[in-house]
Amino acid sequence: TNLKMKKKRLDLPSYTYFISCVDTSVSESIVDLVKNDFTGDSPPHTILGTTTIPNSDAKVPSAVRKIINNEDLSVLTETIKKSDVIIYDLNSSSHNEIEYAIKLLKMTEYEGDKVFILISNVLAWSNTPLKEKKEDEDEDEEDLPEDDDEGEAEEEEEEEEENVEAFEEE
């Protein structure tokens, strides 16, 4: 018998991605990972983004449908609100813009889930001020018992000396 295999159609959802600084190598790699233009059965994802220098002629990946001017807050706000996945790179994005996006997402009501991805590395956190100890924490540390390792070592030495002396007396 001649069996015909039907090609199973995958109905994958199409998402709108907002990726900051799509002209950087990190964001370029992310665009390559999230674009789904290789699947013929599902609609491609929509990728929107900003550049490191607004209104520049920076080279951006071809999968990016539209470049958003991040200096125009009304356009940036609407773009973030309608995006399903928002990706910021802490190394190349404006910290003020990232903070704005986080506050916008916290304060806005929307249908469905939103995914916020913040990319960082150790160098991005090197400028973070060190946490200062509060006076209460210093007092708590003073209340802790001191490390008694030295006292135990002295006791063991004394016991050893007594054992040696007792052995010598025999």
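None of the values given here were measured: they were computed from a predicted structure. (Residues numbered from 1 in each chain as written. Predicted model: local features only at pLDDT ≥ 70, side-chain atom pairs only at ≥ 80, totals over all residues. Heavy atoms only, no water.)

1. Things to note about helix α3 (residues 95-107)
Part 1: With 13 residues, α3 extends 18 Å from end C-alpha to end C-alpha; this agrees with the ideal 18 Å at 1.5 Å per step.
Part 2: Considered for burial, the residues of α3 that qualify are Glu-97, Ile-98, Ala-101, Leu-104 and Leu-105. All buried residues of α3 lie within an arc of 125° about the axis, which places them on one face of the element. Away from its buried face by more than 90 degrees, α3 exposes Asn-96, Lys-106 and Met-107.
Part 3: In this structure Ser-94 caps α3, since a side-chain oxygen of it lies 3.3 Å from the backbone nitrogen of Asn-96. (Helix = DSSP H or I, 4+ residues; strand = E, 2+ residues; numbered from the N terminus. Expected span 1.5 Å × (residues − 1). Buried < 20%, exposed > 50% of the residue type's maximum accessible area, 1.4 Å probe, protein only. Arc of directions from axis to C-beta. Polar contact = N/O pair within 3.5 Å; in protein donor to acceptor, adjacent residues only side chain to side chain.)

2. Some thoughts on helix α1 (residues 25-34)
Part 1: For α1, the full list of buried residues reads Ser-27, Ile-30, Val-31 and Val-34. What you see down the axis of α1 is that its buried residues fit within an arc of 105°, all on one side. For α1, the exposed residues set more than 90 degrees away from the buried face come down to Ser-25 and Leu-33.
Part 2: Where α1 is buried, its residues contact β1 (16-19), β2 (46-49), β4 (85-89) and β5 (115-119). (Contact = heavy atoms within 4.5 Å.)

3. A few points about the side chain of Ser-93
Part 1: Here Ser-93 lies in the loop between β4 and α3.
Part 2: Among the polar contacts made by the side chain of Ser-93, one reaches the side chain of Ser-20 at a distance of 2.6 Å.
Part 3: Every residue in contact with Ser-93, bar those within four places of it in the chain, is listed here: Ser-20, Cys-21, Tyr-88 and Ile-98.

4. Section: the side chain of Thr-79
Part 1: As for its position among the elements, Thr-79 is in helix α2 (residues 73-82).
Part 2: Take Thr-79: its relative accessible area is 4%, and that puts it in the buried class.
Part 3: Excluding residues that lie within four positions of it along the chain, Thr-79 makes contacts with Phe-18, Leu-48 and Ile-68.

5. Details of unusual backbone geometry
Part 1: Positive phi, close to 50°, is recorded for Cys-21, a residue that is not glycine.
Part 2: With respect to the helices and strands, the residue Cys-21 is situated in the loop between β1 and α1.
Part 3: What makes Cys-21 buried here is its relative accessible area of 4%.

6. Considerations on the confidence of the model for the protein chain
Detailed conclusions should not be drawn from predicted coordinates in areas where pLDDT is low.
Part 1: Chain-level statistics for the protein chain give a pLDDT mean of 77 and a share of 67% at 70 or above.
Part 2: Here residues 5-9 is modelled with pLDDT under 50, and outside its nearest four sequence neighbours on either side it reaches three contacts, counting other chains as well. (pLDDT = per-residue confidence, 0-100.)

7. What to know about the packing of aromatic side chains
Part 1: Applying the stated criterion across every chain yields a total of two aromatic pairs.
Part 2: Pairing Tyr-88 with Phe-116 gives two aromatic rings, centres 6.0 Å apart and planes at 35°, and the pair type is tilted. On the criterion of sequence distance, the pair formed by Tyr-88 in strand β4 and Phe-116 in strand β5 is long-range, its members being 28 residues apart.
Part 3: Tyr-88 gets classed as buried once you look at its relative accessible area, which sits at 0%.
Part 4: A residue is classified by how much of its surface remains accessible, and Phe-116, at 28% relative accessible area, is partly exposed.
Part 5: An aromatic cluster is present here, built from Phe-18, Tyr-88 and Phe-116 joined pairwise through their rings.
Part 6: Over the face of the ring belonging to Tyr-110 we find Lys-114, whose NZ or CZ atom lies 5.2 Å from the ring centre. (Phe/Tyr/Trp six-rings, centres within 6.5 Å; stacked < 30°, edge-to-face > 60°. Lys NZ or Arg CZ within 6 Å of the ring centre and 35° of its normal.)

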